[in-house]
Amino acid sequence: MDLFAATPIQLVEDAEGGIRYWPAFVDEGEAEAWFQALCAHCEWQHQRRPMYDRVVDVPRLQAWYPFDQDSHEGLPASLPLAKMLARVQASVPGGYNSVGLNLYRDGHDSVAMHNDKLHMLVPGQPIALVSLGAPRRMNIRAKAGGRALGIDLEPGSLLVMSHASQVTHEHGIPKTARPAAPRMSAVYRARPAMSPHLQARPENGEMRRSFTPAQALHRQRPASAGQGRQEADAQRLDAGTPSAAPPSRVGGQ
Ligand SMILES: O=C(O)CCC(=O)C(=O)O
Ligand SMILES: [Fe+2]
């Protein structure tokens, strides 16, 4: 392993490791192979969520794989997720038992500023986010105030956020008017036992549509642009998996 890849950039400090970024976590060839395999073989879903009197689109595709922490049962053999997990574990050991994937088809896809849902995370355990495909900017902002920090998440990079950082900071991927090729994140987390995440979906009246591999990368616009579907993004409710918990402004997976 080269020294560059082994040395993270410290973005936020706290007692649990803060937020750290490894720009060249894996080489380009490997990142591209993972991206292609995940695009083609993940079970991509497009969520729509009831919100007040409307149903809103989650502006990105998602896939979820809960798995056994020891045996890795739950990670499909057709996907490189176990191999990716081994790489993550080698850099940032943790009790990971869930991976959530996000596919941002173009600059219209996004995730609103949020922290990952605390009741669905094991305290003290890291959140490890592998970026693949095109680079996209992530904003990270202290809840206490101050300017957001913008970091361009490169393909093959690793971003690790401490549990503690989810209490103090928010993160999000804003929409961009610049041409943006598809980008993916694979987010490894340690979920508490029996968390709602591990139970059958859909939950809370959420609606989903599945995508074939060929459809996954092609955005399907509403028939009438003027009456386009509302997106959850503006309301900050799109930031993760709905759960049995009451809606809150934090969102996140
Ligand atoms: O795609 C990303 O880099 C961020 C995803 C995220 O924040 C989440 O899934 O909770
Ligand atoms: Fe998040």
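The rules behind these values
- Residues numbered from 1 in each chain as written.
- Chains lettered and ligands numbered in written order.
- Predicted model: local features only at pLDDT ≥ 70, side-chain atom pairs only at ≥ 80, totals over all residues.
- Heavy atoms only, no water.
- Helix = DSSP H or I, 4+ residues; strand = E, 2+ residues; numbered from the N terminus.
- Buried < 20%, exposed > 50% of the residue type's maximum accessible area, 1.4 Å probe, protein only.
- Contact = heavy atoms within 4.5 Å.
- Pairing = 2+ DSSP bridges.
- Axes fitted to C-alpha atoms, helices over the stretch in contact; angles between N-to-C directions.
- Core = buried A, V, L, I, M, F, W, Y, C linked by side-chain atoms within 4.5 Å.
- Disulfide = S-S within 2.5 Å.
- Near = heavy atom within 4 Å.
- Polar contact = N/O pair within 3.5 Å; in protein donor to acceptor, adjacent residues only side chain to side chain.
- Areas by Shrake-Rupley, 256 points an atom, 1.4 Å probe, with all protein chains shown as cover.
- Phe/Tyr/Trp six-rings, centres within 6.5 Å; stacked < 30°, edge-to-face > 60°.
- Lys NZ or Arg CZ within 6 Å of the ring centre and 35° of its normal.
- Donors = N, O, S within 2.8 Å, 3.2 Å for Na, K, Ca; no water.

The name an unreviewed UniProt entry assigns to the chain is Alpha-ketoglutarate-dependent dioxygenase AlkB, from the organism Pseudoxanthomonas daejeonensis.

Bringing the overall build of the chain into the picture now. Scanning the chain from terminus to terminus reveals 5 helices and 14 strands. For the chain, the proportion of its 253 residues judged to be buried stands at 49%. For the chain, the proportion of contacts with a sequence separation of at least 24, taken over those separated by at least 6, is 77%.

The next subject is the sheet that holds strand 10 (residues 149-153). Backbone hydrogen bonds hold the strands of a sheet together, and the pairing may be parallel or antiparallel. Taken together, the 4 strands give an open sheet; going across it, the order is 7-12-9-10, and neighbouring strands pair in antiparallel fashion. Here the strands that pair on one side only, and so sit at the sheet edges, are strand 7 (111-114) and strand 10. Taken pair by pair, the neighbouring strands of this sheet meet at an average axis angle of 20 degrees, ignoring direction. The pairing of strand 9 (residues 136-142) with strand 10 spans 5 bridges and is antiparallel. Directly across from Met138, in strand 10, lies its bridge partner Ile151.

Let's shift gears to the nonpolar core. By size, the foremost hydrophobic cluster in this structure holds 35 residues, and its most contacted members are Trp44, Leu81, Leu101 and Tyr188. Those elements that place two or more of their residues in this core are helix 2 (28-41), strand 5 (61-66), helix 3 (81-91), strand 6 (98-104), strand 8 (127-133), strand 11 (157-161) and strand 13 (183-189). No other element matches helix 2, which puts 5 residues into this core. In this view, Leu81 contacts Leu38, Tyr65, Leu75, Val99, Leu101 and Tyr188; residues no more than four positions away in its chain are not counted. Residues Leu121, Ile127, Leu129 and Met138 belong to the second largest nonpolar core, which totals 16 residues.

Before going further, it helps to examine the state of the cysteines. Tallied over the entire structure, the rule returns 0 disulfides. No disulfide involves Cys39; its nearest neighbouring cysteine sulfur is the one of Cys42, lying 8.2 Å away. On the basis of relative accessible area, Cys39 is assigned to the buried category, the value being 7%.

Within the structure, ligand 1 sits among 13 residues, and Tyr104, His171, Arg183, Ser185 and Arg189 are positioned closest to it. Asn102 is positioned with one of its side-chain polar atoms (N or O) 3.0 Å from an oxygen atom of ligand 1. Contact between ligand 1 and Ser185: an oxygen atom at 2.6 Å from a side-chain N or O atom of the residue. For ligand 1, whose free accessible area comes to 300 Å², the fraction covered by protein is 99%. Only strand 6, strand 12 (169-173) and strand 13 provide two or more residues apiece to the shell around ligand 1.

This paragraph deals with the packing of aromatic side chains. In the structure shown here, the tally under the stated rule is 1 aromatic pair. On the basis of an interplanar angle of 75 degrees and a centroid distance of 6.3 Å, the ring pair of Tyr96 and Tyr188 is categorised as edge-to-face. Placement of Tyr96 in the loop between helix 3 and strand 6 and of Tyr188 in strand 13 is noted, with a sequence separation of 92 residues between them. We classify Tyr96 as buried; its relative accessible area is 1%. Between the NZ or CZ atom of Arg87 and the centre of the ring of Phe25, over which it lies, the distance is 5.9 Å.

As a further point, take the coordination of the iron ion (ligand 2). When four donors bind a metal tetrahedrally, each ideal donor-metal-donor angle is 109.5 degrees, and when six bind octahedrally, the ideal angles are 90 or 180 degrees. Of the protein atoms, only His114 (NE2), Asp116 (OD) and His171 (NE2) coordinate the iron ion (ligand 2), at distances of 2.1 to 2.2 Å. Sequence positions of the donors to the iron ion (ligand 2) reduce to the motif H-x1-D-x54-H. Of this pair, Asp116 sits in the loop between strand 7 and strand 8 while His171 sits in strand 12, placing them 55 residues apart in sequence. The exposure class of His171 is buried, given its relative accessible area of 5%.

Let us now look at the pairing of strand 13. Of all the 7 residues making up strand 13, 7 are buried; the element is thus mostly covered by neighbouring parts of the structure. Burial of the side chains of strand 13 extends over both faces: Arg183, Ser185, Val187 and Arg189 are buried on one face and Met184, Ala186 and Tyr188 on the other. For strand 6 and strand 13, the ladder comprises 7 bridges, and the chain directions are antiparallel. Residue pairing in the sheet places Val99 in a bridge with Tyr188 of strand 13.

At Tyr52, a position not held by glycine, the phi torsion is positive, near 50 degrees. Relative to the elements of secondary structure, Tyr52 occurs in the loop between strand 3 (45-51) and strand 4 (54-57). The phi torsion at His72 lies on the positive side, around 65 degrees, for a residue other than glycine.

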